[in-house]
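# Architecture at a glance
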Amino acid sequence: QVQLVESGGGLVQAGGSLRLSCTASGTFFSINVMGWYRQFPGKQRELVAEFTRWYYTNDIVYEDSVKGRFTISRDNAKNMVYLQMNSLKPEDTAVYYCGAKIATTRWQQAINYWGQGTQVIVSS
């Protein structure tokens, strides 16, 4: 019943920018974590950026190679998360996935959900 849908991928030249968007839909009690992950050919999925909402604070984590270039943000009212990607490099080429940890009821432990992925290609 819970779905994550990404958009905004495409082909861009090195040094260019893209903005990825992800929307969570369905019935749920809370979204604790929303983030972006990417998968290179022949590699495992890895973290790009993650935004966690604790009861006392927020926490944002970036993979080292994207720090200063990528920015994650959330619109909680719309159940959306964004990834602004600037100064893109050919090595950023990958399938990018939206991920979220969602509790569907107040009594259940939150579990992970994934979007279908969106392709980002950065040319030299």
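Residues numbered from 1 in each chain as written. Predicted model: local features only at pLDDT ≥ 70, side-chain atom pairs only at ≥ 80, totals over all residues. Heavy atoms only, no water.

### A few points about the pattern of salt bridges
Taken as a whole and assessed by the stated rule, the structure comprises five salt bridges. Measuring nitrogen to oxygen at the nearest pair gives 3.7 Å for the salt bridge that ties R38 to E63. Linking R38 in strand β4 (residues 30-39) with E63 in the loop between β6 (58-62) and β7 (70-75), this pair joins segments that are 25 residues apart in sequence. Of the residues examined, R38 reaches a relative accessible area of 3% and is grouped as buried. Its relative accessible area of 23% is what places E63 among the partly exposed residues. In this structure, the salt-bridge partner of D92 is R38, at a minimum N-O distance of 3.1 Å. In this pair, D92 is assigned in the loop between β8 (80-85) and β9 (94-103) and R38 in strand β4, connecting sequence segments 54 residues apart. Judged by relative accessible area, which is 1%, D92 ranks as buried. Residues joined in a network through salt bridges with shared partners are R38, E46, E63, R69 and D92. (Salt bridge = Lys/Arg side-chain N within 4 Å of Asp/Glu carboxyl O. Helix = DSSP H or I, 4+ residues; strand = E, 2+ residues; numbered from the N terminus. Buried < 20%, exposed > 50% of the residue type's maximum accessible area, 1.4 Å probe, protein only.)

### What to know about the pairing of β6
Relative to β6, strand β5 (residues 46-53) runs antiparallel, the two sharing five bridges. Considered in β6, the bridge of F51 is made with I60. Between β5 and β6, which pair antiparallel in sequence order, lie four residues. (Pairing = 2+ DSSP bridges.)

### Considerations on the sheet that holds β8
Spatially, four strands are ordered β1-β3-β8-β7 in an open sheet, and the strand pairing comes out antiparallel. Single-partner strands in this sheet number two, and they are β1 (3-7) and β7. Each adjacent strand pair in this sheet contributes to an overall mean axis angle of 15 degrees, direction not counted. Where β1 meets strand β3 (residues 18-25), five bridges bridge the pair, whose relative direction is antiparallel. Looking at β3, one finds that S7 is bridged to S21. (Axes fitted to C-alpha atoms, helices over the stretch in contact; angles between N-to-C directions.)

### As for a nonpolar patch on the surface
Residues W54, Y55 and Y56 make up a contiguous nonpolar surface patch of about 500 Å² in total accessible area. Relative to the elements of secondary structure, W54 occurs in the loop between β5 and β6. Look at W54 and you get partly exposed, because its relative accessible area is 47%. (Patch = residues over 30% accessible without salt bridge, like charges linked within 9 Å, V, L, I, M, F, W, Y side chains within 5 Å. Areas by Shrake-Rupley, 256 points an atom, 1.4 Å probe, with all protein chains shown as cover.)

### A short note on the environment of G99
Positionally, G99 belongs in strand β9. A sequence separation of 59 residues divides G99 from F40, and the C-alpha atoms of the two residues are 16 Å apart. Setting aside anything within four residues of it in sequence, one finds G99 in contact with L4, V33, M34, G35, Y37, Y113 and W114. (Contact = heavy atoms within 4.5 Å.)

Nothing here speaks to function; it is all geometry.
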